[in-house]
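Each chain, written out:
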Amino acid sequence: MEPDLHELLRSLRVWDTELPGFAPKDAPADPLALFTRWFAEAVAAGQAEPHTMTLATAGEDGLPDARTVMLHGADDDGWAFASHVTSRKGRQLAARPYAALHFYWPAQGRQIRLRGPVTAASPEESLADLHARSTGALAAALVGRQSEALPSRDELDRASDAAWERAGSAPDSPAPTWTLYRLRPQEAEFFQGDARRRHTRLVYRRTETGWDTGLLWP
């Protein structure tokens, strides 16, 4: 018997745990500081894979696209992630270098949304970032051809086996299309869920001299 999707949806509950409080008046003046604090608290709360995030882009046709990627770091230059410049998201960012990032940490009922322009790092910096990561990350980058049509699973297996062997024997191997990107937010929203649906939404907006903050209705 096939499961009933709507019954399954009605049976689910969100935030079936005690949620932390959040007082916007005590928030730091810079969203990076609050992000760092919330990230550390998500790790301490046991949130699975808190460093994964949704990256939303748009192509030349203006149509939206989204996928999950990994955070490589965050500093005053922006929130960093990486991909092949020849991939679908790489091509979309080349056509429209503006994107949005979304973090969701259900262990604490928290979301973070960032929007802003995206820039690509130099090939040297991109390669250094890749080589600082795991052997598996290098192997995946060496396989390349991301988003291209795959004729068969066997072809992927052969390419992956060869890439793993090369990554293990030559850990300094280059991956020319692998690119580090940075999103420099013009707007950052911090959402704290509330069991009674009185959610707190604090938004930062970049100005010429720093950041303005304000609250949004939930």
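Residues numbered from 1 in each chain as written. Predicted model: local features only at pLDDT ≥ 70, side-chain atom pairs only at ≥ 80, totals over all residues. Heavy atoms only, no water.

Draft legend 1. Region of interest: the overall build of the chain. Check the secondary structure of the chain and you find 6 helices and 10 strands. Taken over the C-alpha atoms alone, the chain extends approximately 60 × 55 × 40 Å along its principal axes. Expressed as a percentage of its 218 residues, the buried residues of the chain come to 35%. Residue pairs at least 24 apart in sequence account for 63% of intrachain contacts in the chain once pairs closer than 6 positions are excluded. (Helix = DSSP H or I, 4+ residues; strand = E, 2+ residues; numbered from the N terminus. Buried < 20%, exposed > 50% of the residue type's maximum accessible area, 1.4 Å probe, protein only. Contact = heavy atoms within 4.5 Å.)

Draft legend 2. Examining the side chain of D129 more closely. Relative to the helices and strands, D129 is located in helix α4 (residues 123–131). Of the side chains with opposite charge, R133 comes closest to the buried, unpaired D129, at an N-O distance of 4.4 Å. Other than its neighbours up to four places away in sequence, D129 contacts H72, A82, W178 and L180. (Lys, Arg positive; Asp, Glu negative; His and termini not counted. Salt bridge = Lys/Arg side-chain N within 4 Å of Asp/Glu carboxyl O.)

Draft legend 3. Highlighting the side chain of S173. Relative to the elements of secondary structure, S173 occurs in the loop between α6 (153–169) and β7 (178–183). Taking relative accessible area as the criterion, S173 reaches 5% and is therefore assigned buried. Within polar-contact distance, the side chain of S173 engages the side chain of R166 at 3.3 Å. Among residues more than four places away in sequence, those in contact with S173 are L127, H131, L138, L142 and R166. (Polar contact = N/O pair within 3.5 Å; in protein donor to acceptor, adjacent residues only side chain to side chain.)

Draft legend 4. Structural detail: the pairing of strand β2 (residues 64–70). Across 7 bridges, strand β1 (residues 52–58) lies against β2 in antiparallel orientation. Paired with A56 across the two strands is A66, which belongs to β2. Joining the antiparallel neighbours β1 and β2 is a turn of 5 residues, in which G62 adopts a positive phi near 80°. (Pairing = 2+ DSSP bridges.)

Draft legend 5. Quick look at helix α3 (residues 88–95). Looking only at α3, the buried set comprises K89, G90, Q92 and L93. Axial view of α3: buried residues confined to an arc of 165°, hence all on one face. Tucked into the core, α3 has its buried residues touching β1, β2, β4 (78–84), β5 (98–105), β6 (110–120) and β7. (Arc of directions from axis to C-beta.)

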